[in-house]
Amino acid sequence: MLSALCGEFIKQGVTMGKLLELQGISKSFPGVKALDNISLSLEPGEIHALLGENGAGKSTLMKILCGIYSNDEGKIFVKEKEVKFDGYKDAIEAGIGIIFQEFSLIPYLNAYENIFLNREPKNGLGLIDFNKMKEETLKILEKLNIKINIDCPVNELSVAEQQFVEIVKALSLNAEILVLDEPTATLTPREADRLFNIMRDLKANGVGMFFISHHLEEIYQICDTISVLRDGQYIGTMPVKDSNVDQLVEMMVGRKVENTYPKKPEKVPHDEVVLEVKDLKRTKDFHPNSFKLYKGEILGFAGLVGSGRTELARALIGADPCYSKTVILDGKEEKLKSPDESLAKGIGILPEDRKAEGLILSFSVKNNISMNNYSKWLKNKFFISDAMETATVKDIVKKVRVKTPSENTTVGNLSGGNQQKVVIGRWLNNDCKVLIFDEPTRGIDVGAKAEIYELMRQLTQRGISIIMISSELPEVIGVCDRVEVFREGAIVADLEGEDINSNTIMLYMTGNK
Amino acid sequence: MTNNAAPKSALADTFARFSRQPVFYPLIGFLLVFIIMTVVSDSFLTYNNLSNIGRQVSINAIIAVGMTFAILTGGIDLGVGSVMALSGTIMAGLMVSGIPMPVAIILGLLLGTFLGGLNGFMIAYGKMPAFIVTLAMMTIARGLALIYTGGYPIAGLDNAFSFFGRGNVLGIETPIVITILVYAIAYVVLTRTPFGRHVYATGGNYEASRLSGIKVSKILFLVYAISGFTSALAGLIISSRLMSGQPNAGVAFELDAIAAVVLGGAAMNGGKGTIIGTLMGALLLGVLNNGLNLIGINPYVQNVIKGIIILIAIYVGSEKKKARS
């Protein structure tokens, strides 16, 4: 009885004066516990950093806060009143605004048209009152000391300015709690400074903010409090002034690397350079990148989302325009102007977005595997032999262990892991020297992940060299023989052996080393 | 629910398998209209009328082959009717000016292929939308045909030229023979050659095909060249049939061709469709036109009926698609 009373008292005490309080939030997705009993709070005028690796649960938590996902367990209090969100709209009404990584602005409308989208003020005639929209917008801009052109379509504004429009939009909805999910990822340092100034103004106005960023120095610049999540677990909260970088990195990555990775060869093979890329520049003013790929190795491209790894791979194979590059494949210089030229020279890619760029979802497993090498089954010079094609495809399906009722099954009906194996099968059907795996295990369950790592290792034993782009550190550490670390479009480190560990990679990719 | 159904007969099993084939619905639609017409009109099921239908259908059916290629890649060719008219009038004009018939025909076919290739070049390498490029070609080719002829038909052709539109091969009318040939070739190309499979892949997912190393630009270029060729071939038949080059021939033919392809079960966004389906679609439209005329239905009303049938057919097809996914 007494303890129950005490509990009640303590609870009230804790919620007193808080702008927001999350209590015991849990969320599961099929097969994964994304969040496990997370409790956080936010005070007026507080900037609260959320730290964690990709997949730690930061974005999931923020989506629950904004009513985009519903929580399985736990309670949300806004200004000490419990709220239940049934969609984003409810969260907006409760005074919560989110600035997404991808902007939700309509590119051809101007700032105030975007800000008042779907709730445009009307004049006496029932027509849109543009003057009023403009006035209201200017009022908020003035308060925040933001100067942008509000009359031109937002796609003519810089990325930072578009972000400001998003912020103004949230504030015009009377948001007192703002979530900024990696807002600086697409900003230049100067633009980021402008954003920070605005955040300081908001802070002075009593707005509480959650700030997600991988750049620790930004957090030291702007935040008051840091909370760390790891694998959906709450690790800890501390004032920024009491923390240090080493401690934070350890809190973020301090997990055991699971034993789902195949054994690495004793010694990293370094005898034969298959591919050498020199001074690849995507645009004229871009940092030139160079690297080497040895025969039979798995080379990791580590880095934060948006650090230019996929872009480099695409520019390398000619999928996107490239300002300049020198590519030496097996000792011969090659132009690689298009993916088909790269294919002809033996370079293939498993694209980042499996469904949009890797597969033809409405086609069969067979068609997806055989699509880029029909010439090997030609009879009488012109005609594909169905029998030969089917036999090869069946063989490949068995080899890469695609679990499918038959090779004629529509590939869209398979699980993510099996879909990825189909894309791998397509490249096995070609005579490739170099394969680029771009986020090969994204959205794939643990069992299938292990199978894909195993397949990658088998491919290297056949002399194929692999570049693996991955945002999951444990995967990079568990699978790769060598690692290039990317930061802001540039390769900043080339790591091997003992140096391939969480702390070192993390320090390089966040720019603390 | 317990499974107490009697074991399926082999026939039912075959039927069930056939019903999943993409040509199933177009074929059923065609047969349905065919049977209805046989019942309601005495003069429908006669040799004369059927070969009449065959001749009438052939022009649209041949154009629809090129259209099938274009739609399979997720594109469209609105220029087919105009390119047909231009190629047909050029053939006639060249012959009248004394150029030997085979040379004139070949030049006409080459012109159509060239114009189609030009479409393809702008779509594949200029990255312009197919709808706009071919819409422009539609008015350009029509304009050129009118300029070339001064707006009048070019008549006075050698009698031997009538073979392609009015003659016959072993008792079968030449347009029907040409149509069968074109469909046979298109069928083999689409189902049995790397090029044909790449046409499907490009339409199924352009970006995935491109990244996998398929030469998507070349595929698009060739597809529109093929569409230009089949349009010119239709121009040969129509000029021969009318024994004159008609600059105003083929207005709105692109719509009939699109209707045939779509009735044949193709998806407008590409990757799905068959050449046999297109043939069924063209036949369905032809039988419908012919039958409605025989019954004596007002031509204005015919338009409405045709439109409604297209809508119903597409609706039934899309229901099927939803159920499967």
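The text that follows walks through the structure, step by step, so that each part is easy to find. (Residues numbered from 1 in each chain as written. Chains lettered and ligands numbered in written order. Predicted model: local features only at pLDDT ≥ 70, side-chain atom pairs only at ≥ 80, totals over all residues. Heavy atoms only, no water.)

In this structure the tally under the stated criterion is 28 salt bridges over all chains. Two residues, Lys345 of chain A and Glu334 of chain A, come together in a salt bridge whose shortest N-O distance is 3.7 Å. Taken together, the positions of Lys345 of chain A in helix 11 (residues 339-345) and Glu334 of chain A in strand 15 (residues 332-334) put the pair 11 residues apart, joining distant regions of the chain. The exposure class of Glu334 of chain A is buried, given its relative accessible area of 12%. One salt bridge in this structure joins Asp386 of chain A and Lys366 of chain A, with 2.9 Å as the shortest N-O distance. A residue pair is termed long-range when its members are at least 10 positions apart, and Asp386 of chain A in helix 14 (residues 386-399) and Lys366 of chain A in helix 13 (residues 365-370) qualify at 20 residues. Take Lys366 of chain A: its relative accessible area is 10%, and that puts it in the buried class. Counted as one network, the salt bridges with shared partners bring together Arg314, Asp320 and Glu357 of chain A together with Glu207 and Arg210 of chain B. (Salt bridge = Lys/Arg side-chain N within 4 Å of Asp/Glu carboxyl O. Helix = DSSP H or I, 4+ residues; strand = E, 2+ residues; numbered from the N terminus. Buried < 20%, exposed > 50% of the residue type's maximum accessible area, 1.4 Å probe, protein only.)

One frequent convention defines the size of an interface as the accessible area lost when the parts assemble. Listed as interface residues are 30 residues of chain A and, on the opposing side, 20 residues of chain B. When the two sides are added together, the surface that chain A and chain B hide from each other amounts to roughly 1,900 Å², 59% of it contributed by carbon and sulfur. Remark: the boundary between chain A and chain B carries 2 salt bridges. With a closest N to O distance of 3.1 Å, Arg314 of chain A and Glu207 of chain B form a salt bridge. Per-element tally for the side of chain A that touches chain B: the top contributor is helix 12 (residues 354-358) of chain A, with 4 residues. Class assignment for the residues of the side of chain A that touches chain B results in 17 nonpolar, 4 polar and 9 charged. (Contact = heavy atoms within 4.5 Å. Buried area = accessible area lost by both parts, 1.4 Å probe. Nonpolar A, V, L, I, M, F, W, Y, C, P; charged D, E, K, R; others polar.)

Our next topic: the packing of helix 2 (residues 24-40) of chain B against helix 13 (residues 275-295) of chain B. All names here are of chain B. Here helix 2 crosses helix 13 at 20 degrees, and the two axes come no closer than 9 Å. Compared by their axis directions, helix 2 and helix 13 come out roughly parallel. The crossing of helix 2 and helix 13 is left-handed. Here Pro26, Leu27, Gly29, Phe30, Val33, Phe34, Met37 and Val40 of helix 2 come into contact with helix 13, specifically with Gly277, Met280, Leu283, Leu284, Val287, Leu288, Gly291, Leu292 and Ile295. (Axes fitted to C-alpha atoms, helices over the stretch in contact; angles between N-to-C directions. Parallel < 35°, antiparallel > 145°, perpendicular 65-115°, else oblique. Left-handed = near helix turned anticlockwise from the far one by under 90°.)

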